[in-house]
Amino acid sequence: MMRDGYIARWKGAEYDSSPDGAHVRLYSPTGGDGFVQVAEGRYRRGVPIGELEDFFYVRTVCTWRGEPFLLLGASGEWYRLEYSGGRSDVARSLGLEPYDNGVYQIWAPAEEVTGISEQYL
């Protein structure tokens, strides 16, 4: 699983979430008590921050050709990667595509990507 975003733990379960002042919006694919449907297969509930058991940011990181990357997505046997090493000379030498100013991405064969893990911030 590739996660990139806020996670809240509430009543023993983890939810995708987003901060909203003194509250956090929890998102669930199945709904439940107090959740309202906001789209097909997506339910939301607001909870005061003080009721949360934990709240953190998580992203999926990996290594490709010896360099650090964020794992953004997958399509078949390919992963979409974003270089996180901060060196434009390395990004260019790896043949990465400029995505934005100082941001470099590439589709890489999944078999070449190693060290996939979650990083908690």
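Before reading further, recall that the structure is shown in the block above.
Residues numbered from 1 in each chain as written. Predicted model: local features only at pLDDT ≥ 70, side-chain atom pairs only at ≥ 80, totals over all residues. Heavy atoms only, no water.

Caption draft 1: Representation of the pattern of salt bridges. This model, assessed by the stated rule, comprises eight salt bridges. The salt bridge partner of arginine 9 is glutamate 14, with a shortest N-O separation of 2.5 Å. Exposure remark for glutamate 14: the relative accessible area of 38% places this residue in the partly exposed category. Overlapping salt bridges bring together Arg3, Arg9, Glu14, Asp54 and Glu118 as one network. (Salt bridge = Lys/Arg side-chain N within 4 Å of Asp/Glu carboxyl O. Buried < 20%, exposed > 50% of the residue type's maximum accessible area, 1.4 Å probe, protein only.)

Caption draft 2: A look at unusual backbone geometry. Non-glycine residue lysine 11 carries a positive phi angle of around 50°. Its relative accessible area of 64% is what places lysine 11 among the exposed residues. A positive phi is found at arginine 65, a non-glycine position, where the angle reads about 50°. Mapped onto the secondary structure, arginine 65 falls in the loop between β6 (54-64) and β7 (67-75). (Helix = DSSP H or I, 4+ residues; strand = E, 2+ residues; numbered from the N terminus.)

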